[in-house]
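Structural description and commentary
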Amino acid sequence: MSLTTNKNTAIPKNKFQFAQDVDAGLKSNPKYLSSKYFYDEKGDILFQQIMNLEEYYLTRSEYETFTLHKEEWHDTFSKGVDRFNLIEFGAGDAYKTKVLLNHFVDKNANFNYIPIDISGNVLDFLHKKLAQEIPKLSVTPIQADYFKAFDNIKQSSNSRNIILFLGSNIGNFTPSVAIDFFGKLKSKCGPNDYVLIGVDQKKDPNKILAAYNDSKGVTESFNKNVLVRINKELGGNFEPDNFIFFPTYNPLSGEVRSYLVSKSNQSVFIKALNNSYSIKAFESIFTEISKKYSLDEISKLADNTGFEVVNHYTDSKNRFINTLWKPKS
Ligand SMILES: C[S@@+](CC[C@H](N)C(=O)[O-])C[C@H]1O[C@@H](n2cnc3c(N)ncnc32)[C@H](O)[C@@H]1O
């Protein structure tokens, strides 16, 4: 079946990519659905709940690092230029970024904040919140997929771009996609630009797995939200309860991989695709990768994509790294 020639259904333009990706993922062997489709009104709230979970140490760690280093980063980012752009890929609700935004505004820094996110819902929320909380801040939100957003990095004299990629967003890339992403990013960066990345470190595998398998089941609902979205936006008839949520951690690769495993033989019909998909008992749908890095792997990734590490920063428990890169000269 071709999406473009299917005359029985009209897929709205803004749902076309979602429909195409769902069709490809459910026809593939093994099956997959991208975690970028977890995020809508409900998924954004679930992710905010995840950030507050006891097991999810990542947000607390990165928040602490920001409070420890906001002064130093202000000086680094503003040194030698009249103004800078803070361009954040996958900004979400910018909970931690607000530590920097508040500090930079207090210091009268001349900068523009450009949050980019695939979720229009979270961007609307963020835009309204920032207008209330930091009214002096100049904000230009952009709804886009990361890979379609590189043209927002523009060069101009006496200014620099700081690219933020926080909250272990990098972990959602397989190693080859990470190389592709940072290679493309590098081609848009000027010699004065910086990239600040939030990377979760390899550590006790039990701590890592618990962060993606919380006792309250919030992460399960978050993963299953992709099925709920398919039902709501594409007219699917998934029964989320017919799937077992099964996250795994491989300490060698550093990859948390999460799956939805079918409890029985089932067939799912998706109206917008005018198609049924068979899922066998105990067949899995791969939903999310969250890769953890060693310091060596971070340095290697920088080197392989045309960047050099300026410094690594961490929290008091050394759980999470914020690595600052600049383009290699
Ligand atoms: C794990 S959350 C982290 C949010 C934020 N960076 C933080 O540290 O709290 C990932 C964010 O990236 C967005 N996102 C996921 N995949 C994306 C993609 N392919 N393109 C753009 N945004 C994406 C999601 O909507 C979500 O807001």
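Residues numbered from 1 in each chain as written. Predicted model: local features only at pLDDT ≥ 70, side-chain atom pairs only at ≥ 80, totals over all residues. Heavy atoms only, no water.

With 14 residues, helix H5 (residues 120–133) should cover 20 Å at 1.5 Å per step; its first-to-last C-alpha distance of 20 Å lies within 8% of that length. Of the residues making up H5, those classed as buried are Val-122, Leu-123, Leu-126 and Leu-130. The arc that holds every buried residue of H5, seen down its axis, measures 100°, which confines them to one face. Exposed residues pointing more than 90 degrees away from the buried face of H5 are listed as Lys-128, Ala-131 and Gln-132. Its buried side turned inward, H5 meets helix H2 (41–51), helix H4 (97–106), strand E3 (111–117), strand E4 (138–139) and strand E5 (142–143). (Helix = DSSP H or I, 4+ residues; strand = E, 2+ residues; numbered from the N terminus. Expected span 1.5 Å × (residues − 1). Buried < 20%, exposed > 50% of the residue type's maximum accessible area, 1.4 Å probe, protein only. Arc of directions from axis to C-beta. Contact = heavy atoms within 4.5 Å.)

Let us look at the site of the ligand. Neighbouring the ligand are 18 residues, the closest being Gly-90, Lys-96, Asp-117, Tyr-146 and Gly-167. A distance of 2.8 Å separates a nitrogen atom of the ligand from a polar backbone atom of Tyr-146. Within the backbone of Gly-167, a nitrogen or oxygen atom sits 3.4 Å from an oxygen atom of the ligand. Looking at the shell around the ligand residue by residue, the classes come out as eight nonpolar, five polar and five charged. (Near = heavy atom within 4 Å. Polar contact = N/O pair within 3.5 Å; in protein donor to acceptor, adjacent residues only side chain to side chain. Nonpolar A, V, L, I, M, F, W, Y, C, P; charged D, E, K, R; others polar.)

Here we come to the domain arrangement of the protein. Accessible area lost upon the coming together of the parts is a frequently used measure of interface size. Per the domain assignment, the segments making up the protein are domain 1 (13–32 + 207–291) and domain 2 (57–201 + 293–327). Averaged C-alpha coordinates put domain 1 and domain 2 at centres separated by 29 Å. Contacts between domain 1 and domain 2 engage eleven residues on the former and twelve residues on the latter. Around 890 Å² of area is buried between domain 1 and domain 2 when both sides are counted, 51% of it from carbon and sulfur atoms. Counting across the domain 1 and domain 2 interface gives one salt bridge. With a shortest N-O distance of 3.1 Å, Lys-291 and Glu-297 are connected by a salt bridge. Of all elements in the fold, only helix H7 (205–211), strand E9 (255–262) and strand E12 (284–291) reach the threshold of two or more residues within the side of domain 1 that touches domain 2. When its residues are assigned to classes, the side of domain 1 that touches domain 2 shows four nonpolar, two polar and five charged. (Domains from an automatic or database assignment. Buried area = accessible area lost by both parts, 1.4 Å probe. Salt bridge = Lys/Arg side-chain N within 4 Å of Asp/Glu carboxyl O.)

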